[in-house]
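Read off the chains here:
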Amino acid sequence: VILTITPVFLDLFILQTGHVTSFIDTFLDWMATNPLLGVWAYISMIILTSLIFVPPSILVFAAGFTFQSIWGSVDGIMIALVSSFLGSLIGGLIGFCRAKYMTRDLVVVLMRRYPL
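Rules used throughout
Residues numbered from 1 in each chain as written. Predicted model: local features only at pLDDT ≥ 70, side-chain atom pairs only at ≥ 80, totals over all residues. Heavy atoms only, no water. Helix = DSSP H or I, 4+ residues; strand = E, 2+ residues; numbered from the N terminus. Rg over C-alpha atoms; globule rule 2.2 N^0.38 Å. Contact = heavy atoms within 4.5 Å. Areas by Shrake-Rupley, 256 points an atom, 1.4 Å probe, with all protein chains shown as cover. Axes fitted to C-alpha atoms, helices over the stretch in contact; angles between N-to-C directions. Parallel < 35°, antiparallel > 145°, perpendicular 65-115°, else oblique. Nonpolar A, V, L, I, M, F, W, Y, C, P; charged D, E, K, R; others polar. Core = buried A, V, L, I, M, F, W, Y, C linked by side-chain atoms within 4.5 Å. Buried < 20%, exposed > 50% of the residue type's maximum accessible area, 1.4 Å probe, protein only.

## Quick notes on the overall build of the protein
And step 1. Counting its regular elements, the protein contains 6 helices and 0 strands.
And step 2. Put simply, the protein runs from its N terminus to its C terminus through helices and strands in the order α-α-α-α-α-α.
And step 3. Taken against the 2.2 N^0.38 rule, which gives 13 Å for 116 residues, the C-alpha radius of gyration of the protein at 18 Å runs more than 25% over that of a compact globule.
And step 4. In terms of overall dimensions, the protein has a C-alpha envelope of 60 × 35 × 20 Å along the principal axes.
And step 5. The contacts in the protein between residues at least 6 apart in sequence include a share of 55% that link residues at least 24 apart.
And step 6. As displayed, the protein offers around 8,300 Å² of accessible surface, 76% of which is attributable to carbon and sulfur atoms.

And the structure:
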């Protein structure tokens with residue numbers, strides 16, 4: 001988590017090189033030119049951000065704005081809502097399965113060491 005957040009924090013607030021903001025702007029422009037691929041790429045980005053513990057709130061707001069400008073206000077907001085929900089749901093399920101199966105051996109070791 002620290003390895004993920006530290007460069008983003010340094011780029012946004014201290015060094016102000018603009019790499020993170022330019023990446024987000026480039027990604028949103030690409031989403032506007034490729035609407036259908038943009039939805040799937042957006043869902044993938046939401047899954048990735050939920051797995052590396054980065055809050056996806058900036059992407060959610062940006063997707064609402066971008067999808068609204070592509071498909072109109074009602075359709076764009078509904079597409080942004082459904083794609084945000086699907087990305088968060090899939091990311092949460094992958095995170096749950098990852099935690100369940102990666103920590104199973106640790107729980108067994110701790111139960112042997114500290115019996116109830």
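## Considering the packing of helix 3 (residues 35–51) against helix 4 (residues 57–71)
The packing of two helices is summarised by the inter-axis angle and the distance between the axes.
And step 1. Across the interface, helix 3 lies against helix 4 with an axial gap of 12 Å and an inter-helix angle of 170°. Put simply, helix 3 runs roughly antiparallel to helix 4. Contacts between helix 3 and helix 4 involve P35, L36, G38, V39, Y42, M45, I46 and T49 from the first element and L59, V60, A63, F67, I70 and W71 from the second.
And step 2. By residue class, the composition of the contact of helix 3 with helix 4 is 12 nonpolar, 2 polar and no charged.

## Thoughts on the nonpolar core
And step 1. In this structure, F27, M31, Y42, L59 and F67 are the most contacted members of the largest nonpolar core, which totals 16 residues.
And step 2. Within the residue set of this core, elements represented by two or more residues are helix 2 (19–33), helix 3 and helix 4.
And step 3. Considering each element in turn, this core owes the most residues, 8 residues, to helix 3.

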